[in-house]
Amino acid sequence: MDASGLDLLCTAVLLLDESLRIRHVNSAAEELLGQSRRQLAGQPAQPWLEGFDSVLKTPLRGHPPWAWLIEIPVHQGGHLDELRQARGREEAQRETLRNLAHEVRNPLAGLRAAAQLLEMELARDDLREYTRVIVAEADRLAGLVARLASSSQPAAAPSIFNVHELCERVLALIHLEFGEQIRLERDYDASVPDMRADRDQLLQALLNVARNGAQALVEGPGRASPVLRLSTRILHQPLLAAGQHRMGLRIAVADNGPGVSEALRDKLFHPLVTGRAQGTGLGLSLAQECLQRQGGLLEFDSVPGKTEFRLLLPLEIA
């Protein structure tokens with residue numbers, strides 16, 4: 001048996017010896033179990049198989065040092081349908097909000113201008129304070145409207161760049177904003193090559209996700225050691241919203257904050273949905289849209305003490 005051919009399969013495959021210890025795994029198994037081949041080699045297989053509803057065990061006669069082949073089916077068809085349906089719902093919501101933004105823009109500008117003219121006619125400073133509040137709130141809403149309207153802009157021409165330099169740029173911006181309140185960690189896969197993509201869109205998406213995690217750490221219940229961690233990994237045969245790709249890239253942003261509440265999980269990427277008192281609910285929605293324009297997607301897992309957002313992209317090598 002040629003084990004290298006197993007990497008072409010979408011299902012996770014483990015090759016075991018007679019003592020049921022792992023001797024080899026394919027790429028899909030690495031991704032499913034979250035460990036590399038080197039890390040899994042020699043470990044007992046049973047702990048890694050717990051929790052899977054469907055496991056196929058096949059004896060391998062005359063193929064030492066492998067005695068058993070374990071296959072874990074990955075039910076991808078339903079997952080892909082769910083992704084496409086969710087994408088359609090989110091896009092319909094964004095289109096509604098863009099139309100609303102265009103309708104609001106002109107009367108909002110008129111409201112601001114009227115407040116400025118009224119301020120010029122008022123003699124008392126205490127009365128002018130009210131018009132300044134109107135102007136300030138109109139400016140805040142105008143910024144929100146501009147972000148909603150600009151989200152419909154198409155992706156720019158792709159460029160060639162190093163994704164780890166982009167990650168370092170994001171971490172530098174997070175450090176400038178949050179200082180020593182958060183410890184920043186890195187776990188980069190040195191084998192990731194330079195990639196071809198819309199760099200500005202990816203930078204904005206990653207910055208939005210990282211800032212969201214940092215804000216959760218700072219604004220949530222106090223933690224002794226708040227940590228934000230960026231990691232990168234190459235994906236083999238990833239299934240994304242637009243279909244399956246030969247190679248992909250995963251950028252993970254993890255934090256040890258309070259986690260995403262149950263009430264927000266199903267609608268976290270919807271526009272204007274937020275769990276923060278000062279949030280606009282646009283950061284994650286726009287990040288998802290930035291990735292979808294490039295054939296990728298944004299997903300997450302969250303429990304109290306560990307939240308991880310994963311930016312998944314096709315990896316087009318430069």
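- The name recorded for the protein chain in an unreviewed UniProt entry is Sensory histidine kinase/phosphatase NtrB, from Castellaniella ginsengisoli.
- Quoted verbatim from the Catalytic activity (unreviewed entry) field of the UniProt record, the comment on the protein chain reads "ATP + protein L-histidine = ADP + protein N-phospho-L-histidine."

## Here's the deal with the nonpolar core
1) Next: Core analysis: the largest hydrophobic core is formed by 42 residues, its most contacted members being Met 195, Leu 202, Leu 206, Leu 298 and Leu 311.
2) Next: Looking at this core, the elements with two or more residues in it are α6 (163–178), β7 (195–197), α7 (199–219), β8 (227–236), β11 (247–255), α9 (283–293), β12 (297–303) and β13 (306–314).
3) Next: Residues Leu 16, Ala 29, Leu 49 and Ile 72 belong to the second largest nonpolar core, which totals 12 residues.

## Details of the packing of aromatic side chains
1) Next: If you walk through the whole model with that rule in mind, you get one aromatic pair.
2) Next: Consider the rings of Phe 300 and Phe 309, whose centres lie 5.3 Å apart with planes at 25 degrees: the pair is stacked.
3) Next: Classification of Phe 300 as buried rests on a relative accessible area of 15%.
4) Next: Under the relative-accessibility criterion, Phe 309 is labelled buried at 4%.

## Thoughts on the packing of α7 against α9
1) Next: Between α7 and α9, whose axes approach to 8 Å, the crossing angle comes to 150 degrees. Classified by the angle between their axes, α7 and α9 sit roughly antiparallel to one another. Read as a crossing pair, α7 and α9 show a hand that is left-handed. Contacts between α7 and α9 pair Gln 201, Leu 202, Ala 205, Asn 208, Val 209 and Asn 212 from the former with Gly 283, Leu 284, Leu 286, Ala 287, Cys 290, Leu 291 and Arg 293 from the latter.

Quick notes on the rules
Residues numbered from 1 in each chain as written. Predicted model: local features only at pLDDT ≥ 70, side-chain atom pairs only at ≥ 80, totals over all residues. Heavy atoms only, no water. UniProt positions renumbered as here; feature names shortened; annotations may be inferred. Core = buried A, V, L, I, M, F, W, Y, C linked by side-chain atoms within 4.5 Å. Buried < 20%, exposed > 50% of the residue type's maximum accessible area, 1.4 Å probe, protein only. Helix = DSSP H or I, 4+ residues; strand = E, 2+ residues; numbered from the N terminus. Phe/Tyr/Trp six-rings, centres within 6.5 Å; stacked < 30°, edge-to-face > 60°. Axes fitted to C-alpha atoms, helices over the stretch in contact; angles between N-to-C directions. Parallel < 35°, antiparallel > 145°, perpendicular 65-115°, else oblique. Left-handed = near helix turned anticlockwise from the far one by under 90°. Contact = heavy atoms within 4.5 Å.

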